[in-house]
Amino acid sequence: MSGHLQPRWARWACLVMVVAAALVFAVWALVADGPARVAAAATAAGAVGAAVVVQRMLVARRQPVPPEGDLALRAPAGLVAAVLLAWLAVLVAAIAWVVVLATDVGEVGSLAGTVAMVLAALWSVPDLLRLVTGRLHRWRLDADGGGVHYRGRRTDVSLPWGDVRRVRVSDEKPFGVRIEVREGSDVLVPDGPLPVWSADLARALETRRVRAGRSRRT
């Protein structure tokens, strides 16, 4: 039985669309020249990276969560590399498409799509600065008898079990594991980056929280 939170059709539709985009831009790169070739090739590379990300996060099977002991979960290196590849390729593609827009707008197949890509690249610049300054984190989660520590992208939080009200699956968008905090904002561990099922992770964390509470009362 699948532990994915998203419907099967949505997961496969997303993967098919990304793969199709990679093929279209790869062919375009073969027939174009100048800045348009660079832009199409970079876009194709970004789509390939995105396809790997989608496959790993939405389609691939995941490992079970150990029912006992400390947890030390890390996003797979291949997934992180694919995210960085897609991100870098989109940045290169955005620069190249700006050059195409300035020199030969007729080479642009979809003006709206090109503008959207450039805006997305600009929107990601703050995260790029966080990456180069060490403030953008690889997804990881550690849990032991004292509490839970989660790092992922902009989030870096440590919570003792006494500060956690409960842990549950967030089956509405955004999908993942929601750590409900007694005081302050809840923490969302997104579904996909960590190599475990969200339902298993939520159950394992909640079990450890309850067990820690019983230990404090004895």
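Refer to the structure printed above.
Residue positions within a chain follow its written sequence, with the count starting from 1. At least 70 in pLDDT is required for a residue's local features to be given in this predicted model, at least 80 for side-chain atom pairs to be given and counted, and no such filter applies to totals for whole chains, interfaces and linings, which use all residues. Only hydrogens and water are set aside when side-chain values are computed; all heavy atoms of the structure are taken into account.

Asker: Got a sec to walk through the environment of Ala22? Specific residues and values, please.
Answerer: Structurally, Ala22 can be placed in helix α1 (residues 8–31). Here's how the labels work: a residue is buried when its accessible area is under 20% of the maximum for its type, exposed when over 50%, partly exposed in between, all with a 1.4 Å probe on protein chains only. A relative accessible area of 10% means that Ala22 is categorised as buried. In the structure, Ala22 is positioned 142 residues away from Val164 in sequence and 43 Å away in space, judged by C-alpha atoms. Should any heavy atoms of two residues lie within 4.5 Å, those residues are considered in contact. Leave out the neighbours within four places in its chain, and Ala22 touches Ala44, Ala47 and Val48. Runs of E in the DSSP output that reach at least two residues are strands. Runs of H or I that reach at least four are helices, and both are numbered from the N terminus.

Asker: Can you tell me about the side chain of Ser198, naming the residues and giving the values?
Answerer: Along the chain, the position of Ser198 falls in helix α6 (residues 198–217). A polar side-chain atom of Ser198 sits 2.6 Å from a polar atom in the side chain of Asp191. Here Ser198 is in contact with Leu5, Arg62, Val169, Gly176, Val177 and Asp191, once residues within four sequence places are set aside. We call two N or O atoms a polar contact when they sit within 3.5 Å, provided that within protein one can donate a hydrogen and the other can accept it, with sequence-adjacent residues counted only if both atoms are side-chain atoms.

Asker: Break down empty space enclosed by the protein for me, citing the residues and quoting the values.
Answerer: Both cavities and pockets are sets of points on a 1 Å grid over the protein atoms alone; in a cavity a 1.4 Å probe fits but cannot get out, in a pocket the set is open with protein on both sides within 12 Å along at least five of seven lines, and lining residues sit with an atom within 4 Å of a point. Grid points are joined across faces, edges and corners, and a volume is the space filled by probe spheres set on the points. A full pass over the atoms with the stated rule returns one cavity of 30 Å³ or more. Taken as a whole, the largest cavity encloses approximately 40 Å³ of empty space. Forming the boundary of the largest cavity are Arg62, Val189, Pro190, Asp191, Gly192, Leu194, Val196, Trp197, Ser198 and Leu201. Within the residue set of the lining of the largest cavity, elements represented by two or more residues are β7 (187–190) and α6. Along the lines of polarity and charge, the residues of the lining of the largest cavity split into six nonpolar, two polar and two charged. Each residue gets one label: Ala, Val, Leu, Ile, Met, Phe, Trp, Tyr, Cys and Pro are nonpolar, Asp, Glu, Lys and Arg are charged, and the others, such as Gly, are polar.

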